[in-house]
Amino acid sequence: MLSIVMLINRSGSMVLPFLGVYMTDKLHFGLKEAGLVLMFYGIGSVIGSWIGGFLTDKVGEYRVQSISLFLSVPLFLLIPYFPSLEGMMTIILIQSIISESFRPANSVAITKYAKPQNITRAFSLNRMAINLGFSIGPALGGILSAISYNFLFGVNAVAALVAGVMYVVFFRKRNKIFQAKQKQNKQKNLNIAKGKSPYKDFQFILFCLLCMIFSVCFFQFFNTIPIFYKEVAHLDQTTIGYVLGYSGFIIVVLEMLIVNFAEKHWTIAQTLFLGAFACGLSYTLLAFDHHILTLLLSMTILSVGEILALPFMSTLTAMRSQGGNKGAYMGLNGMAFSFSFIITPILGTNVASDLGFNTLWIGSGIILTIAATGLYWTCNLMLKNKKTEY
């Protein structure tokens, strides 16, 4: 049911992929101005991830997810009323804080309801829902934005509202039952509270740093890639939506198959290496050709790399946490990804503006290859003589 709620919520997630296009096309912002606004989305994402992780450990993931979904509704509707640069920075910052607090709480909910032996597949199933939503959202977003950008914000608001209602209806009783079971075992609760702080776990901090480097390159999917498609490949908005939606379709079709294969035949370290390397290869291809077939090939490789990297990063984080500090661990790892939303848009748009997109894509390929090597080494270090607790 968590995955169904996520599917509904993410089916309306068409604002972020089109936010850069909206600002350059509708509001007539320059590349650097658009990158600045997207950077504020990243700042809000970092704050939201920290707040979400902190509050999850304090009040539980149920309340955090519910509040995040319902507060997102009016904020999406308000975005068109802030057309200035300062206004966009402000509203996007607030909206990001609220919406991104959802992520660590949702990750904790997965570890709460999934069996330990199925944790990677549970994260994969949730990601399948996210990507099925993304395959619907951008495609629909491309169609709607061709009519009016205001439809983007309205549909996002409706999707968040429906997801919030479904989540509360389905999980309200289950959350009360779970809390009652926890109160029956006070000693267990005391032991859970003694988990190690992720901010003192230096191996995990190194892992998060590498996740951040990976995500700085990977999440160009949400900002510089749509702009590249529009300005260099000369795709219209509808086609951009279809190409971005194609990524979600590939992940929905292949994710469980690839994850099951990786679990049987590769270690987590090997899987993370291959995932990050594949993402680097996909971006490098864009430097040599931007024919539609090349764009689709690049997106296919990027999607496979995402399948190999992201669910196993979440799994490793869950394995590293200890009961009562799951929210803190998920929050810190979420912050690592959220920092990319600060760095990626401003760095990507500036590099593309000053040095050209080819430099951006080749540089991304090199950095992702270095990150892949670092993830392989760090993962082996973390799993050496590990003791896993869920």
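Residues numbered from 1 in each chain as written. Predicted model: local features only at pLDDT ≥ 70, side-chain atom pairs only at ≥ 80, totals over all residues. Heavy atoms only, no water.

Colleague: I'm lost on the overall build of the chain in this one. Help?
Modeller: Helix and strand counts for the chain stand at 16 helices and 0 strands. By the burial criterion, 56% of the 390 residues in the chain qualify as buried. Pairs at least 24 residues apart make up 86% of the contacts formed inside the chain by residues separated by at least 6 positions. Element-wise, carbon and sulfur atoms account for 67% of the exposed surface of the chain, whose accessible area totals about 16300 Å². (Helix = DSSP H or I, 4+ residues; strand = E, 2+ residues; numbered from the N terminus. Buried < 20%, exposed > 50% of the residue type's maximum accessible area, 1.4 Å probe, protein only. Contact = heavy atoms within 4.5 Å. Areas by Shrake-Rupley, 256 points an atom, 1.4 Å probe, with all protein chains shown as cover.)

Colleague: Just to check I follow, could you spell out the packing of helix α12 (residues 237-265) against helix α14 (residues 292-320) for this structure?
Modeller: To describe two helices that pack against each other, one gives the angle between their axes and the distance between the axes. Interhelical geometry of α12 versus α14 gives an angle of 45° and a closest axis separation of 8 Å. Comparing the axis directions of α12 and α14 gives the class oblique. For the pair α12 and α14, the sense of crossing is right-handed. Facing α12, whose interface residues are Val243, Leu244, Tyr246, Ser247, Ile250, Ile251, Leu254, Glu255, Ile258, Val259, Ala262 and Glu263, α14 presents Ile292, Leu296, Met299, Thr300, Ser303, Val304, Glu306, Ile307, Leu308, Pro311 and Phe312. A class-by-class count of the residues in the contact of α12 with α14 yields 17 nonpolar, 3 polar and 3 charged. (Axes fitted to C-alpha atoms, helices over the stretch in contact; angles between N-to-C directions. Parallel < 35°, antiparallel > 145°, perpendicular 65-115°, else oblique. Left-handed = near helix turned anticlockwise from the far one by under 90°. Nonpolar A, V, L, I, M, F, W, Y, C, P; charged D, E, K, R; others polar.)

Colleague: When you look at the nonpolar core in this model, what are you seeing that I'm missing?
Modeller: Soluble globular proteins tend to pack their nonpolar side chains together in the buried interior. Residues Met23, Met88, Phe207, Phe214, Tyr229, Met313 and Trp361 are the most contacted members of the largest nonpolar core, which totals 87 residues. With 11 residues, α14 is the single largest residue contributor to this core. Counting residues in each nonpolar core, the second largest holds 8 residues, with Val108, Ile110, Ala114 and Ala318 among its members. (Core = buried A, V, L, I, M, F, W, Y, C linked by side-chain atoms within 4.5 Å.)

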